[in-house]
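# Results of the structural survey
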Amino acid sequence: MAGYQPTAKRSTEVFALVGMPGGGKSTVGKQLARQIGVPFVDSDHEIEQRIGGSIKQFFERHGEDAFRDLETEVIAELIARAGECVMATGGGAVLRERNRELLHGGATVLYLRSTPEDLFRRLRHDTTRPLLQVRDPLAKLRELHQQRDPLYRRCAHYVLESARPSVHALVNMALMQLELAGLLDPARVAATVGAEPL
């Protein structure tokens, strides 16, 4: 597709994680950043710092469109920053075509893919996610997954199935994928890669 052509390899790299709410983006992202010795940033955390409150409250007061506008600004700024980093994005970031273009063109994107059923097991007691405060959260997750899975895939350079593996195994899978692609120097990666069976 015209909007998703790979860019020339840069001297610094942003590794962006996309996926459904509760898919492990922040948890995996923090450990991945630690393993390769780069900063970790979370676009949702950056948004909350900017608005001085929670995304849930902002969502309720201003609506989804205003939130998505702000999210696009923050993602663009994070990608434009000099230096390597691992970035976790919000679950709905891919809904905006501009965000997909920014991520795919300005970062190496890893999609942490989980089934709606696995996500429901992780999130059923979570009251902080505005889109899941509905009568039937599992049905909502299935609807969101059906809508977003093709967008995550379109945005991503690599897809990692995250339903079964542990966080440690997912980090190892990400590291090995990035090494095989020539995006990470194997010497930078800890010797624990591959130690835990999947």
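Scroll up to find the structure.
Residues numbered from 1 in each chain as written. Predicted model: local features only at pLDDT ≥ 70, side-chain atom pairs only at ≥ 80, totals over all residues. Heavy atoms only, no water.

Helices that pack against each other are described as a pair by the angle of their axes relative to one another and the distance between those axes. Axis separation between helix α4 (residues 64-80) and helix α5 (residues 97-106) bottoms out at 10 Å; the angle between their running directions is 10°. Taken as axis vectors, α4 and α5 run roughly parallel relative to one another. The segment α4 lies against α5, with Glu71, Thr72, Ile75, Ala76 and Ile79 engaging Arg98, Asn99, Leu102, Leu103 and Gly106. Partitioned by chemical class, the residues of the contact of α4 with α5 number five nonpolar, three polar and two charged. (Axes fitted to C-alpha atoms, helices over the stretch in contact; angles between N-to-C directions. Helix = DSSP H or I, 4+ residues; strand = E, 2+ residues; numbered from the N terminus. Parallel < 35°, antiparallel > 145°, perpendicular 65-115°, else oblique. Contact = heavy atoms within 4.5 Å. Nonpolar A, V, L, I, M, F, W, Y, C, P; charged D, E, K, R; others polar.)

Now for the pairing of strand β5 (residues 158-161). Covered by surrounding structure in β5 are Tyr158 and Leu160 only, the residues Val159 and Glu161 on the alternate face being uncovered. Across four bridges, strand β4 (residues 108-113) lies against β5 in parallel orientation. Within β5, the residue paired with Tyr111 across the bridge is Val159. (Buried < 20%, exposed > 50% of the residue type's maximum accessible area, 1.4 Å probe, protein only. Pairing = 2+ DSSP bridges.)

Along the chain, His104 falls in helix α5. Among the residues examined, His104 registers a relative accessible area of 10% and is labelled buried. Within the structure, the side chain of His104 is placed 2.7 Å from the backbone oxygen of Cys155, a separation counted as a polar contact. (Polar contact = N/O pair within 3.5 Å; in protein donor to acceptor, adjacent residues only side chain to side chain.)

Moving on, we get to the packing of aromatic side chains. Counted by the stated rule, this structure contains two aromatic pairs. A centroid spacing of 5.7 Å and a plane angle of 50° characterise the contact between Phe59 and Phe67, whose relative ring orientation is tilted. Assessed through its relative accessible area of 15%, Phe59 is described here as buried. Among the residues examined, Phe67 registers a relative accessible area of 4% and is labelled buried. Centre to centre, the rings of Tyr111 and Tyr152 are 4.9 Å apart; their planes meet at 35°, and the pair counts as tilted. In this pair, Tyr111 sits in strand β4 while Tyr152 sits in helix α7 (residues 137-155), placing the two residues 41 residues apart along the sequence. (Phe/Tyr/Trp six-rings, centres within 6.5 Å; stacked < 30°, edge-to-face > 60°.)

Before going further, it helps to spend a moment on the nonpolar core. With 33 residues, the main nonpolar core has Val18, Met87, Leu103 and Val109 as its most contacted residues. Of all the secondary structure elements, the ones that give two or more residues to this core are β1 (14-18), α3 (55-62), α4, β3 (85-88), α5, β4, α6 (116-123) and α7. Among the elements that line this core, the one with the most residues is α4, at six residues. Contact partners of Leu103, with chain neighbours within four places excluded, come to Ala16, Val18, Ile75, Ile79, Met87, Thr89, Val109 and Cys155. Within the second largest apolar cluster, 20 residues are counted, among which are Leu17, Leu112, Tyr158 and Leu184. (Core = buried A, V, L, I, M, F, W, Y, C linked by side-chain atoms within 4.5 Å.)

Okay, the environment of Gly92 next. Looking at the secondary structure, you find Gly92 in the loop between β3 and α5. Along the sequence, Gly92 and Tyr152 sit 60 residues apart, while their C-alpha atoms lie 9.6 Å from each other. Ignoring any residue separated from it by four or fewer positions in sequence, one finds Gly92 in contact with Arg68, Glu71 and Arg148.

Turning our eyes to something else, we now look at helix α2 (residues 43-51). For α2, the side-chain oxygen to backbone nitrogen distance between the N-cap and Asp44 is 2.9 Å, and the N-cap itself is Asp42. Looking one or two places after α2, you find Gly52, whose phi comes out positive at around 70°.

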